[in-house]
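Coordinate inspection notes
In case you want the letters, here they are:
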Amino acid sequence: MNPNPDAIPTILQNAAEQKWITESARINIERWLTEPRYAPYVPEIRKLVAEGRWKELDDAFWTVIPFGTGGRRGKMFPVGTNAINDVTIGESAQGLASYVLDYLQKEGATHRPSCAIAYDTRHRSRDFAELCASIMVANGFQVWFLDGFRSTPEMSFMVRYKHCDCGIMVTASHNPPSDNAVKVYWSTGGQVLPPHDAAIIDRVMHCDQVQSVPFAEALARGDVTYCQDEVDAAFVREVLKVSLPGPRDLNVLYSPLHGVGASCVLPVLSGAGFRNVTLFGPHAEPSGDFPNVPNHVSNPENPAVFDWIIEEAKKRGEVDLILATDPDSDRLGCAAPLTREPGSPWKTLTGNQIAAILTEFLLSTLEEQRALTPNHYVVETLVTSKLVKKIADTYGIRTYRDLLVGFKYIGGVIEEHGPNGFVLGAEESYGFLIGTHARDKDAAVAAMILCELAARAKAEGKTIHQKLADVFAKYGTFAERAFSVAMVGSDGMAKMRALMERFQNDPPRQIAEMEVVEAKNYNTLTTLNLRNGQREPLVGPQGNMVILELSQEGNYVAVRPSGTEPKVKFYMFASLPPGVVGDLETRLSAVEADLRKTAE
């Protein structure tokens, strides 16, 4: 039985005093119980209080889920300020609409504003997409809507193709099934950058009224227009423009990991001439439960998601390459046999390794075509392998890598320096862009170029692992590894702050028997010399990240809080010059062990 409404404040006060919920959760719950705009959610909250579900209530209300520099992401729950639900998604769309309208007015624009919207296979993605469309229309926008599961890069392309003022993608990328999110895009097709990001965040966090119209009504009036057939065809055409000539004899086994990938990767590979591409059946069903992957997390960064697919490839015998994409098909992972000998073991490649072989392949092909010029450039972030830059330096082209983590910064460099010389954008987290059709990472175009590389390698009697070995022989051996430490719950943020402050102000003096010689603090833009204790200015982007330079050249560590999940991420880098032999994996294991102790 639900408690008497008049008794709920006392019950909540008692729960806070007993530490069953935080004081901030109590305050936010009472707001939802008393403010008229939250009236539809009052019965659900009363039910949760009556059942004593304090842990769920505290998780849902202890804070306001942040609208980060790309959007809002988190666990879905029907009520709560710290959850993904109709309220927090609605505030996000309304805040975006309000800012764009004011911006266009200041710019003197007279056209009707427009917004592109797409969604992935996650639970409630369609519902949230329709909600966002209803809000944008109520604010005067024309909405271009992809009716059906589509990829994030296709949405990025649609913003540019339809000349939209903004875009919304409903996806939580590779997060668990419990999560969802909105990613917000600017008219460039890239996720919002300064100064727009901070201004949109301010609008979202101070939103107190959401305008909306029924989705069916907006669709009937033509304020929402389905355009998937037109945009699908245009997207594939643009991706195919960067296809490279060469062999096409390649047998591919492809998994969308229960996401949207079949809508873009398969038509792109077919259009590029790859006829022997097989969809991996157990992962083919679009499903927000991600039922047939380890721990129900569809992340191609995790080698374990390939285990079952590799078993199937070995049974088939003729498979040359395995590809897998995450739920919104902006990340690409792969696996291949080590050699072309029958019975060869299979192994995955890391995101950094894929970036390296793609860079070498693209630049060597441009050089063969006599098309490479000093105006060409590649883009990566501060936590992507320095091997990419070393390859680019050898070919005499520019590298832009002094960037914080996030593909939006790579997209920003394309806008700043022009698309004509752009060759490749790469992140260590399996995100790649070739071509200028989008301003976000695109698994479809990366899959196409990787297949073209693998087909050429096959014609030479090699696999992509052997092509990677060729790169290492030419430039030196590079190894990287990453791990995360989760810090969830109402006290997680405090733990994250404390850990980052420790690395910023009192970093370890030794890691894996290597001296820490410098700590580069990108938050304060200072470098601490640990040998003499002096601090010097640091030139670079400002953000919450620390890079520790180790005494052995080519070895360093980066630490930063995740921008989308409650965890701190650690990146480890090691390398050896060409011709020098050493066990980098053992070295990285020792570095990881010490970092985990430091993070305890």
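Before any of the text, the structure's been laid out above.
Residues numbered from 1 in each chain as written. Predicted model: local features only at pLDDT ≥ 70, side-chain atom pairs only at ≥ 80, totals over all residues. Heavy atoms only, no water.

1. Focus on the overall build of the chain
We apply this condition: A helix here means a DSSP run of H or I that spans at least four residues, while a strand means a run of E at least two residues long, and both kinds are numbered starting from the N terminus. Radius of gyration here is computed from C-alpha atoms only, and the compact-globule reference equals 2.2 Å multiplied by the residue count raised to the power 0.38. Under the scheme applied here, a residue whose accessible area is under 20% of the maximum for its type counts as buried, over 50% as exposed, and between as partly exposed, the area being computed with a 1.4 Å probe on protein chains only. Only the protein chains shown count as cover for residues, with accessible areas throughout obtained via the Shrake-Rupley method and a probe of 1.4 Å. Working convention for charge: Lys and Arg count positive, Asp and Glu count negative, and His plus the chain ends are omitted. Charge positions come from single atoms, namely NZ of Lys, CZ of Arg, CG of Asp or CD of Glu.
Along its length, the chain carries 19 helices and 23 strands. Relative to the globule expectation of 25 Å for 600 residues, the C-alpha radius of gyration of the chain, 25 Å, shows essentially globular dimensions. Principal-axis analysis of the C-alpha atoms places the extent of the chain at approximately 75 × 60 × 55 Å. Looking at the 600 residues of the chain, the share that counts as buried comes to 57%. With an accessible surface of roughly 23,700 Å², the chain has 50% of that area assigned to carbon and sulfur atoms. Counting 60 positive and 74 negative side-chain charges, the chain places the centres of these two groups 2 Å from one another.

2. Some details on the sheet that holds strand β2 (residues 114–119)
Spelled out, the test is: Pairing between strands requires that DSSP locate at least two bridges from one strand to the other. Note on definitions: angles span 0 to 180 degrees between N-to-C directions of axes, and those axes are lines fitted to C-alpha atoms, for helices only across the stretch in contact. By the convention used here, residues are in contact when the closest approach between their heavy atoms is within 4.5 Å.
Spatially, β1-β5-β4-β2-β3-β6 is the arrangement adopted by the six strands of the open sheet, whose pairing is mixed. Two strands lie at the open edges of the sheet, namely β1 (71–75) and β6 (224–226), each paired on one side alone. On average, each strand axis in the sheet is tilted by 15 degrees relative to the strand beside it, whichever way the strands run. In terms of strand pairing, β1 meets strand β5 (residues 179–186) through five bridges, oriented antiparallel. In the strand pairing of β5, Gly 71 is matched with Lys 183. In the packing of helix α5 (residues 86–107) onto the sheet, the strands contacted are β1, β4 (166–170) and β5, and the crossing angle to β5 comes to about 5 degrees.

3. Some points on the side chain of Asp 320
To be explicit about the condition: Pairing of N or O atoms within 3.5 Å defines a polar contact, subject to two protein rules: one partner must be a possible hydrogen donor and the other a possible acceptor, and residues neighboring in sequence count only if both atoms are side-chain atoms.
Residue placement: Asp 320 occurs in the loop between α12 (307–316) and β9 (321–325). On the accessibility criterion, Asp 320 (10% relative accessible area) is buried. In this structure the side chain of Asp 320 is engaged in a polar contact, spanning 3.2 Å, whose partner is the side chain of Arg 340. Here Asp 320 is in contact with Leu 250, Asn 251, Ala 336, Pro 337, Arg 340, Trp 346 and Lys 458, once residues within four sequence places are set aside.

4. Considerations on the packing of aromatic side chains
Just so we agree on the cut-off: The pairing test for Phe, Tyr and Trp rings, Trp by its six-membered ring, is centres within 6.5 Å, and the orientation test on the planes gives stacked under 30 degrees, edge-to-face over 60, and tilted for anything in between. Look at NZ for Lys and CZ for Arg. If either is within 6 Å of the ring centre and within 35 degrees of the ring normal, a charge sits over the ring.
One pass over the full model with this rule turns up 19 aromatic pairs. Aromatic pair Tyr 99 and Trp 186: ring centres 5.9 Å apart, planes at 45 degrees, arrangement tilted. Note that Tyr 99 is positioned in helix α5 and Trp 186 in strand β5, a separation of 87 residues in sequence. Under the relative-accessibility criterion, Tyr 99 is labelled buried at 12%. Residue classification places Trp 186 among the buried positions, given a relative accessible area of 8%. Through successive ring pairs, a cluster of aromatic residues spans Tyr 119, Phe 145, Phe 149, Phe 215 and Tyr 226. It is Lys 386 that lies over the ring of Tyr 556; its NZ or CZ is 4.5 Å from the centre.

5. Some points on the packing of helix α14 (residues 387–394) against helix α17 (residues 464–475)
Selection criterion: The cut-offs work like this: below 35 degrees is roughly parallel, past 145 is roughly antiparallel, 65 to 115 is roughly perpendicular, and the gaps in between are oblique. Crossing handedness: left-handed means the near helix sits turned counterclockwise from the far one by under a right angle, and right-handed means the same turn made clockwise. In this classification, Asp, Glu, Lys and Arg are treated as charged, Ala, Val, Leu, Ile, Met, Phe, Trp, Tyr, Cys and Pro as nonpolar, and every other residue, Gly included, as polar.
Contact pair α14 / α17: the axes reach a minimum separation of 11 Å and the direction vectors enclose 70 degrees. The orientation of α14 relative to α17 falls into the category roughly perpendicular. Of the two elements, α14 crosses α17, and the hand of that crossing is left-handed. Residues Leu 387, Lys 390, Ile 391 and Thr 394 of α14 pack against Val 471, Phe 472 and Tyr 475 of α17. The residue makeup of the contact of α14 with α17, split by class, is five nonpolar, one polar and one charged.

6. Re unusual backbone geometry
With an omega dihedral of 0 degrees, the bond running from Pro 194 to Pro 195 counts as a cis peptide bond. Here Pro 195 is to be found in the loop between β5 and α8 (196–205). Not every positive phi belongs to a glycine, and Asn 295 is a case in point at roughly 60 degrees. A relative accessible area of 69% places Asn 295 in the exposed class. The phi angle at Leu 525 is positive, at roughly 55 degrees, despite the residue not being glycine.

7. Observations regarding the sheet that holds strand β13 (residues 398–400)
Within the open sheet, the four strands sit side by side as β13-β12-β14-β15. Their pairing is mixed. With one partner strand each, in any of the chains shown, β13 and β15 (431–433) form the two edges of the open sheet. Here the strands of the sheet are splayed against their neighbours by 15 degrees on average, with no regard to which way each runs. Sheet topology places strand β12 (residues 377–380) next to β13; three bridges connect them, and they run parallel. Directly across from Val 379, in β13, lies its bridge partner Tyr 400. Along the sheet face, helix α13 (residues 351–368) touches β14 (422–427) and β15 and points at about 170 degrees away from the line of β14.

8. A closer look at the pattern of salt bridges
The condition that has to hold: A pairing counts as a salt bridge when a side-chain nitrogen of Lys or Arg comes within 4 Å of a carboxyl oxygen of Asp or Glu.
Under the criterion given, the structure shown has 46 salt bridges. Here Arg 150 and Asp 232 are joined by a salt bridge, their closest N and O atoms 2.8 Å apart. On the criterion of sequence distance, the pair formed by Arg 150 in the loop between β3 (142–145) and α7 (152–161) and Asp 232 in helix α10 (residues 228–240) is long-range, its members being 82 residues apart. The residues Arg 150 and Asp 232 share a single accessibility class, namely buried. The salt bridge partner of Glu 592 is Arg 481, with a shortest N-O separation of 3.2 Å. In this pair, Glu 592 is assigned in helix α19 (residues 584–599) and Arg 481 in strand β16 (residues 477–486), connecting sequence segments 111 residues apart.

9. Looking at the side chain of Lys 569
Within the element layout of this structure, Lys 569 appears in strand β23 (residues 567–576). Nearest to the buried, unbridged Lys 569 among oppositely charged side chains is Glu 428, at 5.0 Å. Contact partners of Lys 569, with chain neighbours within four places excluded, come to Phe 483, Ser 484, Ala 558, Val 559, Arg 560 and Ser 562.

10. Focus: the environment of Asp 440
When you line up the elements, Asp 440 lands in the loop between β15 and α16 (443–459). Residue class for Asp 440 comes out buried when judged on its relative accessible area of 1%. Along the sequence, Asp 440 and Leu 584 sit 144 residues apart, while their C-alpha atoms lie 32 Å from each other. Not counting residues within four places of it along the chain, the set of residues in contact with Asp 440 comprises Thr 152, Ser 156, Tyr 185, Gly 189, Gln 191, Phe 407 and Leu 433. Here the side chain of Asp 440 touches Tyr 185 through a polar contact of 2.5 Å, side chain to side chain.

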